[in-house]
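A look at the structure
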Amino acid sequence: MTSTQQMPEVQDCSVSSCSYNADSGCHAGAITIGGDHAHCGTFVEISFRSGIERTGVVGACHRSECVHNEKLECGAASVQVGSAADKADCLTYSAR
């Protein structure tokens with residue numbers, strides 16, 4: 001099991017409408033990547049910002065066919081989130 005300190009940070013997030021985004025940085029406690037196109041499942045658009053005092057990490061990845069996925073945990077050094085197939089996708093995702 002990976003400790004919180006070992007989880008990859010979200011290096012960049014270009015989804016400015018997400019309530020966890022501030023200055024292109026993710027500030028969620030931990031994001032989840034899943035769905036049929038590596039969607040950021042933590043993406044939310046609400047009227048306030050949250051978690052500004054922390055840097056987001058990847059807590060879980062449900063895309064088992066990603067080269068960075070090992071037992072549903074991300075092994076990438078860091079990830080980028082932005083618009084691809086949806087408004088908020090893991091841009092670091094790469095199929096095996």
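Labelled according to an unreviewed UniProt entry, the chain appears under the name DUF1540 domain-containing protein, originating from Klenkia terrae.

Concerning the overall build of the chain
Across its full length, the chain carries zero helices and 10 strands. Taken from N to C terminus, the helices and strands of the chain fall in the order β-β-β-β-β-β-β-β-β-β. The globule rule puts the C-alpha radius of gyration for 96 residues at 12 Å, and the 12 Å found for the chain is close to it. For the chain, the spread of C-alpha atoms along the three principal axes comes to 35 × 30 × 15 Å. Sorting the 96 residues of the chain into buried and exposed places 36% on the buried side. In the chain, 70% of the contacts between residues at least 6 apart in sequence involve partners at least 24 apart. Surface accessibility of the chain: about 5400 Å² in total, with carbon and sulfur atoms responsible for 48%. Charge-centre separation for the chain: the mean point of 6 positive side chains lies 3 Å from the mean point of 11 negative side chains.

Details of unusual backbone geometry
Of note, D23 is a non-glycine position whose phi angle comes to about 55 degrees, a positive value. Within the fold, D23 resides in the loop between strand 2 (21-22) and strand 3 (25-26). One non-glycine residue, K71, lies in positive phi territory at about 55 degrees. For K71, a relative accessible area of 76% puts it in the exposed group.

Notes on the pattern of salt bridges
A side chain with one charge may pair with a side chain of the opposite charge, provided their charged atoms come close. Evaluation of the coordinates by the stated rule reveals two salt bridges. Close ionic contact of K87 with E45 constitutes a salt bridge, the shortest N to O distance being 3.4 Å. Highlighted residues: K87 in the loop between strand 9 (78-82) and strand 10 (89-90) and E45 in the loop between strand 5 (39-40) and strand 6 (58-61), separated in sequence by 42 residues. Salt-bridge contacts for R63 lead to E65; the nearest nitrogen and oxygen are separated by 2.1 Å. For R63, a relative accessible area of 11% translates into the label buried. Under the relative-accessibility criterion, E65 is labelled partly exposed at 28%.

Concerning the nonpolar core
Core analysis: the largest hydrophobic core is formed by 18 residues, its most contacted members being V10, I31, I33, V79 and V81. Contributions of two or more residues to this core are made by strand 1 (9-13), strand 4 (31-34), strand 6 and strand 9. Contacts of I33, omitting those with residues within four sequence positions, involve A38, H39, C40, V58, A60, C61, H62, R63 and C90.

Notes on the environment of E53
As for its placement among the helices and strands, E53 is situated in the loop between strand 5 and strand 6. Of the residues examined, E53 reaches a relative accessible area of 69% and is grouped as exposed. Put simply, E53 and S94 are 41 residues apart on the chain and 30 Å apart in space, counted from C-alpha to C-alpha.

Thresholds, definitions, all that
Residues numbered from 1 in each chain as written. Predicted model: local features only at pLDDT ≥ 70, side-chain atom pairs only at ≥ 80, totals over all residues. Heavy atoms only, no water. Helix = DSSP H or I, 4+ residues; strand = E, 2+ residues; numbered from the N terminus. Rg over C-alpha atoms; globule rule 2.2 N^0.38 Å. Buried < 20%, exposed > 50% of the residue type's maximum accessible area, 1.4 Å probe, protein only. Contact = heavy atoms within 4.5 Å. Areas by Shrake-Rupley, 256 points an atom, 1.4 Å probe, with all protein chains shown as cover. Lys, Arg positive; Asp, Glu negative; His and termini not counted. Charge placed at Lys NZ, Arg CZ, Asp CG, Glu CD. Salt bridge = Lys/Arg side-chain N within 4 Å of Asp/Glu carboxyl O. Core = buried A, V, L, I, M, F, W, Y, C linked by side-chain atoms within 4.5 Å.

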